Amino acid sequence: MEGLHFRNTTADDYNVVVSLRENVYDGLDYIPSRYHQYLDIFTGLGGYIGTEMNISIFKTTLTAIKPLVKTKHISPSLQTVDQAYLQHVFSCPRASASLFPENKIIVSCLPYKPIPSNIERIVKSVSEMLASGTKDSICPHELSMKSAATEDDCVAGRVLFLDIFGDISNEKNLSDHIYKQTGKFLTSCKGEDLVL
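Please read all numbers here as calculations on a predicted model, not as lab measurements. (Residues numbered from 1 in each chain as written. Predicted model: local features only at pLDDT ≥ 70, side-chain atom pairs only at ≥ 80, totals over all residues. Heavy atoms only, no water.)

What follows is about the overall build of the protein. The helix and strand inventory of the protein stands at 7 helices and 11 strands. Within the protein, buried positions represent 40% of all 196 residues. For the protein, the share of sequence-separated contacts (at least 6 apart) that also reach a separation of at least 24 residues comes to 66%. Carbon and sulfur atoms provide 53% of the accessible area of the protein, an area that totals close to 10900 Å². (Helix = DSSP H or I, 4+ residues; strand = E, 2+ residues; numbered from the N terminus. Buried < 20%, exposed > 50% of the residue type's maximum accessible area, 1.4 Å probe, protein only. Contact = heavy atoms within 4.5 Å. Areas by Shrake-Rupley, 256 points an atom, 1.4 Å probe, with all protein chains shown as cover.)

Printed below as a string of structure tokens:
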């Protein structure tokens, strides 16, 4: 099996994305009709094994995915995010605007305003939060990306929800977050069935 990697989707990926989503929401998926419109506003992300796109949902086994994650070199600059870290980010308008341009943070499908009174809820709702950049400056405007991972059990197996915020155009930075969060997820898995 070739390595797992990610890249930004483009207008040329429309047919592949739509074909992968044709059974989503029992035919009520809105992505096919809004795909091009969304690319003007958001950056899509495609997940690949080898050259085949598998969008952002991978159903696999622990045995199959562990070697792919373990072989990746991850930058040591990723930092764990705690309540104090989020307080620092939320108190800096420039950092909040950069990471959360829509003035909301969505974690495990739940939207939150990036305000101090939500920090405890946000931190308690995730398994792990990571950030790229530095928290040592007065305003962490150097912070380029934040990721939040939430693990749950479901009928299909153990599931990882990975929410990413900030500038996702840096593919190395993006890959570091995905690999680090996936690696942490795999260490907590007991069974074989995984949904990423």
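Bringing the packing of aromatic side chains into the picture now. The tally for this structure, following the rule as stated, stands at 2 aromatic pairs. Note on Phe-90 and Phe-100: the rings are 6.0 Å apart at their centroids and 75 degrees apart in plane angle, and the pair reads as edge-to-face. Of this pair, Phe-90 sits in helix H4 (residues 83–90) while Phe-100 sits in the loop between helix H5 (93–99) and strand S6 (105–107), placing them 10 residues apart in sequence. Grouping residues by exposure puts Phe-90 and Phe-100 together as buried. Seen in terms of ring centroids, Phe-100 and Phe-165 are 5.5 Å apart; in terms of plane orientation they differ by 65 degrees. Their pairing is edge-to-face. (Phe/Tyr/Trp six-rings, centres within 6.5 Å; stacked < 30°, edge-to-face > 60°.)

In this structure, Lys-146 sits in strand S9 (residues 145–154). Leave out the neighbours within four places in its chain, and Lys-146 touches Val-81, Leu-86, Leu-99, Phe-100, Ile-105, Met-129, Leu-130, Ala-131, Asp-163, Ile-164, Phe-165 and His-177.

For helix H7 (residues 171–188), built from 18 residues, the straight-helix expectation of 26 Å at 1.5 Å per residue is met to within 8% by its first-to-last C-alpha distance of 26 Å. All of the buried residues in H7 are Asn-173, Leu-174, Ser-175, Asp-176, His-177, Ile-178, Tyr-179, Gln-181, Thr-182, Gly-183, Phe-185 and Leu-186. (Expected span 1.5 Å × (residues − 1).)

Of all the residues in H4, the buried ones are Tyr-85, Leu-86, Val-89 and Phe-90. Here the buried residues of H4 occupy an arc of 130 degrees about the axis, which is enough to place them on one side. Put simply, Asp-82 is the residue that caps the front of H4, since its side-chain oxygen is 3.3 Å from the backbone nitrogen of Ala-84. (Arc of directions from axis to C-beta. Polar contact = N/O pair within 3.5 Å; in protein donor to acceptor, adjacent residues only side chain to side chain.)

This part is about the nonpolar core. By size, the foremost hydrophobic cluster in this structure holds 19 residues, and its most contacted members are Val-107 and Ile-122. Elements with a contribution of two residues or more to this core: H4, H5, S6, helix H6 (119–125) and strand S8 (128–132). A total of 4 residues in this core trace back to one element, the largest contributor, which is H4. In this structure Ile-122 touches Leu-86, Phe-90, Ile-105, Val-107, Tyr-112 and Met-129, once residues within four positions along its chain are discounted. (Core = buried A, V, L, I, M, F, W, Y, C linked by side-chain atoms within 4.5 Å.)

This part is about the pattern of salt bridges. Enumeration according to the criterion identifies 2 salt bridges in this entry. Where Lys-124 meets Glu-120, a salt bridge forms, and the shortest distance between an N and an O atom there is 2.8 Å. Placement of the pair is Lys-124 and Glu-120 together in helix H6, with a separation of 4 residues, close to one helical turn. Given the relative accessible area of 62%, Lys-124 is considered exposed. In this structure, Lys-172 and Asp-176 form a salt bridge, with 2.7 Å as the shortest nitrogen-oxygen distance. Of this pair, Lys-172 and Asp-176 both sit in helix H7, 4 residues apart, which is roughly one turn of that helix. On the accessibility criterion, Lys-172 (41% relative accessible area) is partly exposed. Under the relative-accessibility criterion, Asp-176 is labelled buried at 3%. (Salt bridge = Lys/Arg side-chain N within 4 Å of Asp/Glu carboxyl O.)

Geometric descriptors of this kind do not, in isolation, establish any biological role.
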